[in-house]
Amino acid sequence: MPESLPGDPSGLRALVQTPLRTPSALRCYQAAPGRLEVDGDVVLLASAVPGPDYNFVTVLGPATPEHVFARAEAFYGGEPYGVVVEVEQAGPLEAALRAAGWELDEEEPALVLTPLPPGPPPPAELAIQRVATEAALDAFFAITGTSRHRVPSVAAALDPDVALFVGYVAGVPVATSRITVHGPVGDINGVVTREEYRRRGFGAAMTWAAITYGRGRGCTAMTLTATAMGYPVYRRMGFVPVCAFRTYLPPAVDGQR
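Figured I'd write up the structure that's included with this text. (Residues numbered from 1 in each chain as written. Predicted model: local features only at pLDDT ≥ 70, side-chain atom pairs only at ≥ 80, totals over all residues. Heavy atoms only, no water.)

Topic: the overall build of the protein
Counting its secondary structure elements, the protein contains seven helices and 11 strands. A compact globule built from 257 residues would reach a C-alpha radius of gyration of about 18 Å, and the protein, at 18 Å, matches this within 12%. Along the longest, intermediate and shortest principal axes, the C-alpha atoms of the protein span 55 × 45 × 30 Å. Counting the 257 residues in the protein, one finds 46% classified as buried. Total accessible area computed for the protein in this model is approximately 11,800 Å², and 55% of it derives from carbon and sulfur atoms. Charge centroids of the protein, computed over 20 positive and 26 negative side chains, lie 7 Å from each other. (Helix = DSSP H or I, 4+ residues; strand = E, 2+ residues; numbered from the N terminus. Rg over C-alpha atoms; globule rule 2.2 N^0.38 Å. Buried < 20%, exposed > 50% of the residue type's maximum accessible area, 1.4 Å probe, protein only. Areas by Shrake-Rupley, 256 points an atom, 1.4 Å probe, with all protein chains shown as cover. Lys, Arg positive; Asp, Glu negative; His and termini not counted. Charge placed at Lys NZ, Arg CZ, Asp CG, Glu CD.)

Observations concerning the nonpolar core
If you look at the biggest cluster of nonpolar residues, it comprises 29 residues, and the most contacted ones within it are Ile179, Ile211, Met222 and Phe239. Among the secondary structure elements, those contributing two or more residues to this core are β5 (103–113), β7 (162–169), β8 (172–182), α6 (202–216), β10 (221–225) and α7 (231–237). Element by element, the count of residues in this core is highest for α6, at nine residues. If sequence neighbours within four positions are ignored, isoleucine 179 has contacts with Asp161, Val162, Ala163, Phe165, Gly186, Asp187, Ala210, Tyr213, Gly214 and Met222. Among the nonpolar cores identified, the runner-up in size contains 18 residues, and Ala72, Tyr81, Leu97 and Tyr248 belong to it. (Core = buried A, V, L, I, M, F, W, Y, C linked by side-chain atoms within 4.5 Å. Contact = heavy atoms within 4.5 Å.)

Examining the pattern of salt bridges
For the structure shown, the criterion picks out 11 salt bridges. For glutamate 94, the salt bridge is made with arginine 246, and the minimal N-O distance between the two is 2.7 Å. With glutamate 94 in helix α3 (residues 92–99) and arginine 246 in strand β11 (residues 240–249), this pair connects stretches of sequence that are 152 residues apart. Considered together, glutamate 94 and arginine 246 belong to a single accessibility category, that of buried residues. (Salt bridge = Lys/Arg side-chain N within 4 Å of Asp/Glu carboxyl O.)

Focus on the packing of aromatic side chains
In the structure shown here, the tally under the stated rule is seven aromatic pairs. Their ring planes at 10° and their centres at 4.9 Å tell us that tyrosine 76 and tyrosine 81 sit as a pair that is stacked. With respect to burial, tyrosine 76 and tyrosine 81 carry one shared label: buried. With a centroid separation of 5.8 Å and 65° between ring planes, the pair formed by tyrosine 234 and phenylalanine 239 is classed as edge-to-face. (Phe/Tyr/Trp six-rings, centres within 6.5 Å; stacked < 30°, edge-to-face > 60°.)

Considering α3
Of all the positions in α3, only Leu93, Glu94 and Leu97 are classed as buried. The buried side chains of α3 occupy one side of the element, clustering within an arc of 95° when seen end-on. Residues of α3 that are exposed and angled more than 90 degrees away from the buried face: Pro92 and Ala99. Lining the buried residues of α3 we find β3 (56–59), α2 (65–76), β4 (82–86) and β11. Looking at the residues trailing α3, positive phi occurs at glycine 101, about 90°. (Arc of directions from axis to C-beta.)

Observations regarding the sheet that holds β4
Spatially, the 11 strands line up as an open sheet ordered β1-β2-β3-β4-β11-β5-β10-β9-β8-β7-β6, and their pairing is mixed. Looking at the sheet topology across the chains shown, the edges are occupied by β1 (35–39) and β6 (127–130). The sheet shows a mean angle of 20° between the axes of neighbouring strands, direction not considered. Bridge analysis of β6 against β7 gives four bridges, and the strand direction is antiparallel. In the strand pairing of β7, arginine 130 is matched with phenylalanine 165. This element, helix α4 (residues 134–144), spans β7, β8 and β9 (185–193) of the sheet and lies at about 95° to β8. (Pairing = 2+ DSSP bridges. Axes fitted to C-alpha atoms, helices over the stretch in contact; angles between N-to-C directions.)

And the structure:
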(Lines give C-alpha, C1' and ligand atoms only; values in the text may rest on other atoms or scores of the structure.)
Protein backbone atom coordinates (compact mmCIF):
# COMPACT_ATOMS: atom_id res chain seq x y z
CA MET A 1 0.00 0.00 0.00
CA PRO A 2 1.20 3.59 -0.58
CA GLU A 3 2.73 5.22 2.47
CA SER A 4 0.63 7.71 4.39
CA LEU A 5 1.25 11.38 3.75
CA PRO A 6 1.81 13.94 6.53
CA GLY A 7 -1.52 14.60 8.18
CA ASP A 8 -2.97 11.49 6.51
CA PRO A 9 -3.03 8.86 9.27
CA SER A 10 -5.56 6.69 7.45
CA GLY A 11 -3.52 6.66 4.24
CA LEU A 12 -6.55 7.57 2.13
CA ARG A 13 -5.06 10.70 0.59
CA ALA A 14 -2.04 8.65 -0.46
CA LEU A 15 -4.40 6.23 -2.21
CA VAL A 16 -6.10 9.08 -4.08
CA GLN A 17 -2.73 10.44 -5.17
CA THR A 18 -1.24 7.16 -6.37
CA PRO A 19 -2.77 7.21 -9.89
CA LEU A 20 -1.88 10.90 -10.22
CA ARG A 21 1.77 10.31 -9.39
CA THR A 22 2.34 7.15 -11.46
CA PRO A 23 2.19 6.70 -15.25
CA SER A 24 -0.78 4.93 -16.76
CA ALA A 25 -0.24 1.69 -18.66
CA LEU A 26 -2.03 3.39 -21.57
CA ARG A 27 0.89 5.72 -22.25
CA CYS A 28 2.95 3.10 -24.06
CA TYR A 29 0.17 2.65 -26.64
CA GLN A 30 -0.19 6.32 -27.49
CA ALA A 31 1.54 7.57 -30.63
CA ALA A 32 2.90 10.51 -28.65
CA PRO A 33 2.61 9.50 -25.01
CA GLY A 34 3.58 12.88 -23.63
CA ARG A 35 5.45 13.55 -20.45
CA LEU A 36 4.87 13.11 -16.72
CA GLU A 37 7.04 14.80 -14.10
CA VAL A 38 6.60 14.72 -10.35
CA ASP A 39 8.20 17.55 -8.39
CA GLY A 40 7.25 16.91 -4.79
CA ASP A 41 3.58 17.82 -4.55
CA VAL A 42 3.48 19.27 -8.07
CA VAL A 43 2.61 16.79 -10.83
CA LEU A 44 2.94 17.96 -14.43
CA LEU A 45 1.30 16.09 -17.31
CA ALA A 46 1.66 16.96 -20.99
CA SER A 47 -0.01 15.09 -23.83
CA ALA A 48 0.16 15.22 -27.60
CA VAL A 49 -3.30 16.80 -27.63
CA PRO A 50 -3.11 20.59 -27.21
CA GLY A 51 -5.13 22.57 -24.73
CA PRO A 52 -5.70 22.74 -20.97
CA ASP A 53 -8.09 19.76 -20.98
CA TYR A 54 -5.18 17.42 -21.75
CA ASN A 55 -2.22 19.31 -20.29
CA PHE A 56 -2.42 20.21 -16.64
CA VAL A 57 -0.44 20.64 -13.48
CA THR A 58 -1.91 19.04 -10.38
CA VAL A 59 -0.97 20.48 -7.00
CA LEU A 60 -1.35 17.96 -4.20
CA GLY A 61 0.17 19.84 -1.28
CA PRO A 62 1.42 23.25 -0.15
CA ALA A 63 3.28 24.97 -2.99
CA THR A 64 3.89 28.63 -3.62
CA PRO A 65 2.27 30.20 -6.67
CA GLU A 66 5.69 31.33 -7.85
CA HIS A 67 7.03 27.79 -7.82
CA VAL A 68 3.99 26.30 -9.56
CA PHE A 69 3.88 28.92 -12.32
CA ALA A 70 7.65 28.74 -12.90
CA ARG A 71 7.63 24.94 -13.15
CA ALA A 72 4.59 25.00 -15.44
CA GLU A 73 6.07 27.63 -17.72
CA ALA A 74 9.29 25.64 -18.10
CA PHE A 75 7.44 22.35 -18.60
CA TYR A 76 4.77 23.53 -21.08
CA GLY A 77 6.93 26.05 -22.90
CA GLY A 78 4.21 28.67 -23.12
CA GLU A 79 1.48 26.29 -24.34
CA PRO A 80 -1.91 26.53 -22.56
CA TYR A 81 -2.39 24.30 -19.54
CA GLY A 82 -4.89 23.82 -16.76
CA VAL A 83 -4.31 23.74 -13.02
CA VAL A 84 -5.89 21.19 -10.69
CA VAL A 85 -5.64 21.89 -6.97
CA GLU A 86 -6.47 19.71 -4.02
CA VAL A 87 -8.79 22.11 -2.25
CA GLU A 88 -7.62 21.43 1.29
CA GLN A 89 -3.99 22.02 0.29
CA ALA A 90 -4.42 24.88 -2.20
CA GLY A 91 -3.62 27.79 0.10
CA PRO A 92 -2.26 30.91 -1.62
CA LEU A 93 -2.14 29.20 -5.03
CA GLU A 94 -5.90 29.26 -5.46
CA ALA A 95 -6.06 32.93 -4.50
CA ALA A 96 -3.31 33.68 -7.03
CA LEU A 97 -5.15 31.83 -9.78
CA ARG A 98 -8.35 33.76 -9.17
CA ALA A 99 -6.49 37.06 -8.98
CA ALA A 100 -4.82 36.34 -12.32
CA GLY A 101 -8.18 35.69 -14.01
CA TRP A 102 -8.14 31.89 -14.08
CA GLU A 103 -11.65 30.48 -14.19
CA LEU A 104 -13.00 27.64 -12.06
CA ASP A 105 -14.11 24.90 -14.45
CA GLU A 106 -15.26 22.20 -12.04
CA GLU A 107 -14.97 20.85 -8.52
CA GLU A 108 -15.20 17.14 -7.87
CA PRO A 109 -14.78 15.08 -4.70
CA ALA A 110 -12.32 12.20 -4.71
CA LEU A 111 -13.48 8.99 -3.04
CA VAL A 112 -11.83 5.74 -2.01
CA LEU A 113 -13.13 2.23 -1.47
CA THR A 114 -10.96 -0.08 0.63
CA PRO A 115 -10.98 -2.95 1.34
CA LEU A 116 -12.67 -4.18 -1.82
CA PRO A 117 -15.74 -6.34 -1.23
CA PRO A 118 -17.10 -8.74 -3.83
CA GLY A 119 -19.63 -6.97 -6.01
CA PRO A 120 -23.28 -7.90 -6.42
CA PRO A 121 -24.52 -9.29 -9.75
CA PRO A 122 -25.63 -6.67 -12.28
CA PRO A 123 -29.31 -6.10 -13.09
CA ALA A 124 -30.64 -9.04 -15.08
CA GLU A 125 -31.29 -6.91 -18.17
CA LEU A 126 -27.70 -5.59 -18.29
CA ALA A 127 -25.00 -7.65 -20.03
CA ILE A 128 -21.51 -6.30 -19.23
CA GLN A 129 -18.62 -7.11 -21.53
CA ARG A 130 -14.99 -6.08 -21.52
CA VAL A 131 -14.05 -4.16 -24.67
CA ALA A 132 -12.18 -6.53 -26.98
CA THR A 133 -13.26 -5.46 -30.49
CA GLU A 134 -13.25 -2.30 -32.59
CA ALA A 135 -17.05 -2.20 -32.49
CA ALA A 136 -17.08 -2.33 -28.71
CA LEU A 137 -14.37 0.34 -28.52
CA ASP A 138 -16.44 2.57 -30.82
CA ALA A 139 -19.45 2.04 -28.55
CA PHE A 140 -17.39 3.00 -25.50
CA PHE A 141 -16.26 6.25 -27.15
CA ALA A 142 -19.76 7.06 -28.37
CA ILE A 143 -21.17 6.89 -24.85
CA THR A 144 -18.34 8.48 -22.87
CA GLY A 145 -17.04 11.10 -25.26
CA THR A 146 -13.52 10.04 -24.22
CA SER A 147 -10.73 11.19 -26.52
CA ARG A 148 -9.35 8.35 -28.62
CA HIS A 149 -5.91 9.63 -27.70
CA ARG A 150 -6.39 8.18 -24.23
CA VAL A 151 -7.22 4.65 -25.42
CA PRO A 152 -5.95 4.55 -29.00
CA SER A 153 -6.56 0.89 -29.86
CA VAL A 154 -8.09 -2.41 -28.86
CA ALA A 155 -4.58 -3.53 -27.90
CA ALA A 156 -4.46 -0.68 -25.38
CA ALA A 157 -7.89 -1.63 -24.02
CA LEU A 158 -6.67 -5.20 -23.53
CA ASP A 159 -3.51 -4.33 -21.61
CA PRO A 160 -3.55 -6.35 -18.36
CA ASP A 161 -3.54 -3.13 -16.33
CA VAL A 162 -6.40 -1.59 -18.32
CA ALA A 163 -10.00 -2.62 -18.80
CA LEU A 164 -12.89 -0.90 -20.56
CA PHE A 165 -16.43 -2.17 -20.11
CA VAL A 166 -19.64 -1.65 -22.07
CA GLY A 167 -23.04 -2.62 -20.73
CA TYR A 168 -25.70 -3.76 -23.20
CA VAL A 169 -29.49 -3.99 -22.97
CA ALA A 170 -30.97 -6.22 -25.65
CA GLY A 171 -27.77 -5.78 -27.64
CA VAL A 172 -27.80 -1.97 -27.41
CA PRO A 173 -24.76 -0.34 -25.74
CA VAL A 174 -26.05 1.81 -22.88
CA ALA A 175 -23.35 2.22 -20.21
CA THR A 176 -19.57 2.21 -19.72
CA SER A 177 -16.72 2.17 -17.21
CA ARG A 178 -12.93 2.10 -17.33
CA ILE A 179 -10.16 1.14 -14.92
CA THR A 180 -6.41 1.56 -14.95
CA VAL A 181 -4.36 -0.35 -12.41
CA HIS A 182 -1.57 1.45 -10.53
CA GLY A 183 -0.10 -1.25 -8.35
CA PRO A 184 -2.45 -1.78 -5.42
CA VAL A 185 -4.75 1.07 -6.45
CA GLY A 186 -7.31 1.02 -9.25
CA ASP A 187 -8.40 4.30 -10.82
CA ILE A 188 -11.96 4.25 -12.17
CA ASN A 189 -13.13 6.62 -14.91
CA GLY A 190 -15.69 6.80 -17.68
CA VAL A 191 -18.71 5.63 -15.69
CA VAL A 192 -21.47 6.88 -17.98
CA THR A 193 -25.03 5.73 -18.65
CA ARG A 194 -27.08 6.97 -21.56
CA GLU A 195 -29.76 9.31 -20.24
CA GLU A 196 -32.73 7.19 -21.24
CA TYR A 197 -31.32 4.20 -19.33
CA ARG A 198 -30.53 5.91 -16.03
CA ARG A 199 -32.00 5.10 -12.61
CA ARG A 200 -31.82 1.35 -13.20
CA GLY A 201 -28.65 0.66 -11.23
CA PHE A 202 -26.47 0.51 -14.33
CA GLY A 203 -23.88 3.04 -13.11
CA ALA A 204 -23.25 1.06 -9.93
CA ALA A 205 -23.10 -2.18 -11.91
CA MET A 206 -20.52 -0.77 -14.32
CA THR A 207 -18.46 0.48 -11.39
CA TRP A 208 -18.61 -2.95 -9.74
CA ALA A 209 -17.39 -4.49 -13.00
CA ALA A 210 -14.29 -2.28 -12.85
CA ILE A 211 -13.78 -3.05 -9.14
CA THR A 212 -14.04 -6.78 -9.76
CA TYR A 213 -11.45 -6.58 -12.50
CA GLY A 214 -9.11 -4.60 -10.26
CA ARG A 215 -9.47 -7.13 -7.44
CA GLY A 216 -8.41 -9.80 -9.91
CA ARG A 217 -5.28 -7.77 -10.68
CA GLY A 218 -4.36 -7.52 -7.00
CA CYS A 219 -5.83 -4.12 -6.20
CA THR A 220 -6.74 -3.51 -2.57
CA ALA A 221 -8.25 -0.04 -3.08
CA MET A 222 -10.20 1.91 -5.70
CA THR A 223 -10.32 5.64 -6.22
CA LEU A 224 -12.44 7.90 -8.42
CA THR A 225 -13.79 11.42 -8.69
CA ALA A 226 -17.54 11.87 -8.65
CA THR A 227 -20.04 14.10 -10.36
CA ALA A 228 -23.01 15.36 -8.40
CA MET A 229 -25.11 12.63 -10.03
CA GLY A 230 -22.66 9.86 -9.28
CA TYR A 231 -21.74 10.86 -5.72
CA PRO A 232 -24.72 9.29 -3.90
CA VAL A 233 -24.33 6.13 -5.96
CA TYR A 234 -20.71 5.71 -4.90
CA ARG A 235 -21.49 6.48 -1.27
CA ARG A 236 -24.11 3.73 -1.24
CA MET A 237 -21.48 1.36 -2.66
CA GLY A 238 -19.19 2.11 0.29
CA PHE A 239 -16.83 4.72 -1.16
CA VAL A 240 -15.76 7.38 1.33
CA PRO A 241 -14.92 11.00 0.45
CA VAL A 242 -11.29 11.93 1.02
CA CYS A 243 -10.67 15.32 -0.56
CA ALA A 244 -11.84 17.52 -3.42
CA PHE A 245 -10.16 18.79 -6.57
CA ARG A 246 -10.82 22.07 -8.35
CA THR A 247 -9.84 22.54 -11.98
CA TYR A 248 -8.91 26.01 -13.21
CA LEU A 249 -8.64 27.05 -16.84
CA PRO A 250 -6.38 29.91 -17.95
CA PRO A 251 -7.72 33.30 -18.96
CA ALA A 252 -9.04 33.29 -22.51
CA VAL A 253 -6.78 34.83 -25.15
CA ASP A 254 -8.57 36.14 -28.25
CA GLY A 255 -11.64 34.16 -27.22
CA GLN A 256 -9.70 30.90 -27.02
CA ARG A 257 -7.75 28.89 -24.49
